[in-house]
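Observations on the model geometry
This is what each chain is made of:
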Amino acid sequence: MSLFSHRAHAGINPSKSLDHKYRCTVIPPWFINTASLILMGLLVLLSLSIGVADFSWSGILQSLLTQSANSDSSLLLVSRIPRTIAIILTGIAMAVAGMIIQVVLKNRFVEPSMVGATQSAALGLLVVSLLFPASALIVKMGVATIAAVFGMMLFMLLIHRIPPTDFLMIPLIGIVFGGIIEAVTTFIAYQTESLQMLSVWQFGDFSGVLAGRYELLWLTGALCVLAYIIADKLTIVGLGDNIALNLGISKRQVTWIGVGMVAMMSAVVVVTVGMIPFIGLVVPNIVSRLMGDKLRRSLPAVALLGASAVLLCDIIGRSIRYPFEVPVATVFGVVGTVLFLWLLLRAPSEQ
């Protein structure tokens, strides 16, 4: 306890000191990005090949040679390719959103589902679906985004008085906060007999993704590009208030831009495929330990690894009970829970 207090008085964040240990063994970014890109390419081919419907690459080749559509080419264009693109965009969006919220809150143990973003988005989506069931998809996404922003604002007010040294208390409060919002959402759905509709948003699943039902996810890709453009400003804000002020960066403005981006990414993913927890927690932590804390350098690796992780979990979910599917949220929830507990228990012992 005395050691912890000494660090608190010295102004040292234990999570920062933990990250500093890994900066000495940073792996070159080009190696990690190349390996992640090769892994993602192999997983894409495997994802396109797995499914209940009959499919063969020889049929695709025959369709290309004869320049005429057949059952294989139709299946590939209508189902397999849209599903794979949706998986990639979802993995990229949630991993990048997790990285952003960790930098903004200066805490390595948070992600969108731990700050009330995804739960608030689901609550807003449920309310607008009950009050205005015929509203357009863009309206539902807008309401879900606003709800996610309000949920994150409330969470930031809750943790405002927590000292920076209690870095493990913030994710624990976030888990409780998210559970409360989810309980309220479930109660409303139960009273209105909408539990089946709510379950579609609470469990991330790509089985219903077809051409024309996933294109909204391209918006998250644009937001990821914006995150890369302002990556240096986000990194400066994550270094501390005094450093941001000395370098002429508006902490409040950059923080709200980051919060808005995280809220919109979470809302789009919830509206399109549902909640997928722990991607934004596990992937940024792994990349940070391999490449360090500079956001512009690590963001491509975070995006590639996030896409590969969701692809792998989707392939596992389609294979373990073939021809039935286990939702990606269930598979990644199991893996993510184990890795999250490992991160929580490992960090204090290494300080």
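Predicted model, so just to flag it, every value in this text is computed and none were measured. (Residues numbered from 1 in each chain as written. Predicted model: local features only at pLDDT ≥ 70, side-chain atom pairs only at ≥ 80, totals over all residues. Heavy atoms only, no water.)

A look at the packing of aromatic side chains
- By the definition in use, this model includes 2 aromatic pairs.
- Consider the rings of Trp30 and Phe31, whose centres lie 5.9 Å apart with planes at 90°: the pair is edge-to-face.
- Owing to a relative accessible area of 60%, Trp30 belongs among the exposed residues under this scheme.
- Relative accessible area serves as the criterion here: at 47%, Phe31 is assigned to the partly exposed category.
- Ring geometry for Phe155 and Phe177: centres 6.0 Å apart, planes at 40°, overall tilted. A residue pair is termed long-range when its members are at least 10 positions apart, and Phe155 in helix α7 (residues 137-158) and Phe177 in helix α8 (residues 169-191) qualify at 22 residues.
- Residue class for Phe155 comes out buried when judged on its relative accessible area of 0%.
- For Phe177, a relative accessible area of 8% corresponds to the buried category.
- Cation over ring: Arg296 sits above Tyr228, and NZ or CZ is 5.0 Å from the ring centre. (Phe/Tyr/Trp six-rings, centres within 6.5 Å; stacked < 30°, edge-to-face > 60°. Buried < 20%, exposed > 50% of the residue type's maximum accessible area, 1.4 Å probe, protein only. Helix = DSSP H or I, 4+ residues; strand = E, 2+ residues; numbered from the N terminus. Lys NZ or Arg CZ within 6 Å of the ring centre and 35° of its normal.)

Remarks on helix α9 (residues 195-202)
- Within the span of α9, buried status applies to Leu198, Trp201 and Gln202. Summarising the axial view, the buried residues of α9 lie within an arc of 95°, below the 170-degree limit, and thus occupy one face. Exposed residues pointing more than 90 degrees away from the buried face of α9 are listed as Gln196 and Val200.
- Packed against the buried residues of α9 are α6 (117-131), α8 and α13 (251-272). (Arc of directions from axis to C-beta. Contact = heavy atoms within 4.5 Å.)

What about a nonpolar patch on the surface?
- Taken together, Val127, Leu130, Leu131, Phe132 and Met197 make up a surface patch of nonpolar side chains, about 430 Å² in accessible area.
- Checked against the element boundaries, Met197 lands in helix α9.
- Since its relative accessible area comes to 30%, Met197 is described here as partly exposed. (Patch = residues over 30% accessible without salt bridge, like charges linked within 9 Å, V, L, I, M, F, W, Y side chains within 5 Å. Areas by Shrake-Rupley, 256 points an atom, 1.4 Å probe, with all protein chains shown as cover. Salt bridge = Lys/Arg side-chain N within 4 Å of Asp/Glu carboxyl O.)

A look at helix α14 (residues 279-291)
- In this model α14 runs 18 Å from its N-terminal to its C-terminal C-alpha over 13 residues, within 8% of the 18 Å that 1.5 Å per residue would give.
- Within α14, 11 of the 13 residues are buried, which leaves it mostly tucked inside the rest of the structure.
- The set of residues buried in α14 consists of Ile279, Gly280, Leu281, Val282, Val283, Pro284, Asn285, Val287, Ser288, Arg289 and Met291.
- Of the residues one or two after α14, Gly292 is the one with positive phi, at around 95°. (Expected span 1.5 Å × (residues − 1).)

Section: the nonpolar core
- Residues Val96, Ile100, Val115, Met152, Phe206, Leu234 and Ile279 are the most contacted members of the largest nonpolar core, which totals 99 residues.
- Considering every element that reaches this core, the biggest residue donor is helix α5 (residues 71-105), with 17 residues.
- Among residues more than four places away in sequence, those in contact with Leu234 are Ile100, Val103, Val104, Ala227, Val254 and Leu295. (Core = buried A, V, L, I, M, F, W, Y, C linked by side-chain atoms within 4.5 Å.)

Description of the pattern of salt bridges
- Across all of its chains, the model carries 4 salt bridges by this definition.
- Across the pair Arg83 and Glu325 runs a salt bridge whose closest N-O atoms are separated by 2.9 Å. A residue pair is termed long-range when its members are at least 10 positions apart, and Arg83 in helix α5 and Glu325 in the loop between α15 (295-319) and α16 (328-350) qualify at 242 residues.
- For Arg296, the salt bridge is made with Asp232, and the minimal N-O distance between the two is 3.1 Å. Of the two residues, Arg296 sits in helix α15 while Asp232 sits in helix α11 (residues 231-239), which places them 64 residues apart along the sequence.
- Note on Arg296: relative accessible area 24%, which makes it partly exposed.
- You can call Asp232 partly exposed: its relative accessible area is 35%.

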